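Working through the structure, step by step
Listed below are the residues making up each chain.
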Amino acid sequence: MIESILPAAVTAVDTFVDPPDATLFRDEEAIVRAAVDKRRREFTTARWCARQAMVRLGRPPAPILPGARGEPQWPAGLVGSITHCAGYRGAVLAEREKVTTIGIDAEPDEPLANGILAAVSLPEERDRIAVLQHDHPAVSWDRMLFSAKESVYKAWFPLTGRWLDFEDARVVLDPLAGTFTADLLVTAPLVRGQKLTGFSGRWLVRNGLIVTAITVLAHPVPRVHPAARRVTARRPT
């Protein structure tokens, strides 16, 4: 499903079931040994997806251990992202020489619980969400905003190794084009000598799910502004 909003340079594997033959490497097993069944199945199947993608890229299957903030640590030369929610798991990978960073997220197409939108959005974003919910009520736009911000964070962190809070990026969703933009409201990282001040992404609603994705290709450079220009911003395993 998610491959439809990703460029050809990215290999995607996703599933709506937990394969009974999905297994973990010993070091991965140690991480979820004491986890509840739900967490264990999410962790295992997401890594199964990632290893299927590795094979498609001509790479041997390898363990994917979490880093200090839970981010997946990929084998040398690869970039990727993992997501999972109820009834869905997915992983996307690409060769680093072709893709600079990737961020994906999947969520149920359901409204956020009370109070969550205020905690993860800027006032202007909430104003736009209210308009979208009125004009296009078939989609849970508050959840879409949350998912887009999660994808932003997942694309941001590998570039910087720094936390990005929800209010550190300003997201605008396009209900007709199936795209979104995210302006970063924090000090921008340098990407190939230029300041990266935002991301562009795509979204999809299908099978009761919202899926968002950001891919920054190695060529051409990502959406950047001259270093002299003040960065704008946003935060969003």
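So, here is what we can say about the structure in this document. (Residues numbered from 1 in each chain as written. Predicted model: local features only at pLDDT ≥ 70, side-chain atom pairs only at ≥ 80, totals over all residues. Heavy atoms only, no water.)

Between its first and last C-alpha atoms helix α2 (residues 37-56) spans 29 Å; for 20 residues at 1.5 Å apiece the expected length is 28 Å, and the two agree. Among the residues of α2, those classed as buried are Glu42, Phe43, Thr44, Thr45, Ala46, Arg47, Cys49, Ala50, Arg51, Ala53 and Met54. Tucked inside the fold, the buried residues of α2 contact β1 (11-15), α1 (26-31), β2 (78-85) and β3 (88-95). (Helix = DSSP H or I, 4+ residues; strand = E, 2+ residues; numbered from the N terminus. Expected span 1.5 Å × (residues − 1). Buried < 20%, exposed > 50% of the residue type's maximum accessible area, 1.4 Å probe, protein only. Contact = heavy atoms within 4.5 Å.)

The next thing to look at is the packing of aromatic side chains. Following the criterion strictly, the structure yields 5 aromatic pairs and no others. Where tryptophan 141 meets tryptophan 203, the ring centres are 5.5 Å apart and the plane angle is 85°; that geometry is what we call edge-to-face. Taken together, the residues span a long stretch of sequence, with tryptophan 141 in helix α5 (residues 141-160) and tryptophan 203 in strand β9 (residues 198-206) at a distance of 62 residues. Seen in terms of ring centroids, tyrosine 153 and phenylalanine 157 are 5.8 Å apart; in terms of plane orientation they differ by 40°. Their pairing is tilted. Placement of both tyrosine 153 and phenylalanine 157 in helix α5 is noted, with a separation of 4 residues, approximately one turn of the helix. Phenylalanine 157 shares its class with tyrosine 153; the two are buried. (Phe/Tyr/Trp six-rings, centres within 6.5 Å; stacked < 30°, edge-to-face > 60°.)

Axes are the key here: two packed helices are described by the angle between their axes and the distance separating the axes. The geometry of helix α4 (residues 123-135) relative to α5 is characterised by a closest axis approach of 9 Å and an angle of 135° between their N-to-C directions. In terms of their interaxial angle, α4 and α5 are classed as oblique. In contact with Glu125, Ile129, Leu132 and Gln133 of α4, α5 contributes Trp141, Asp142, Leu145 and Lys149. Among the residues forming the contact of α4 with α5, the class breakdown is 4 nonpolar, 1 polar and 3 charged. (Axes fitted to C-alpha atoms, helices over the stretch in contact; angles between N-to-C directions. Parallel < 35°, antiparallel > 145°, perpendicular 65-115°, else oblique. Nonpolar A, V, L, I, M, F, W, Y, C, P; charged D, E, K, R; others polar.)

Bringing the nonpolar core into the picture now. Across soluble globular proteins, you tend to see nonpolar side chains buried next to one another. Residues Trp141, Val152, Leu173, Phe180 and Phe199 are the most contacted members of the largest nonpolar core, which totals 31 residues. Mapped by element, the contributors of at least two residues to this core are α3 (116-120), α4, α5, β5 (169-174), β6 (179-184), β9 and β10 (209-217). Among the elements that take part in this core, α5 stands out by supplying 10 residues, more than any other. If you look at the next biggest cluster of nonpolar residues, it comprises 19 residues, including Tyr88, Val92, Val99 and Val211. (Core = buried A, V, L, I, M, F, W, Y, C linked by side-chain atoms within 4.5 Å.)

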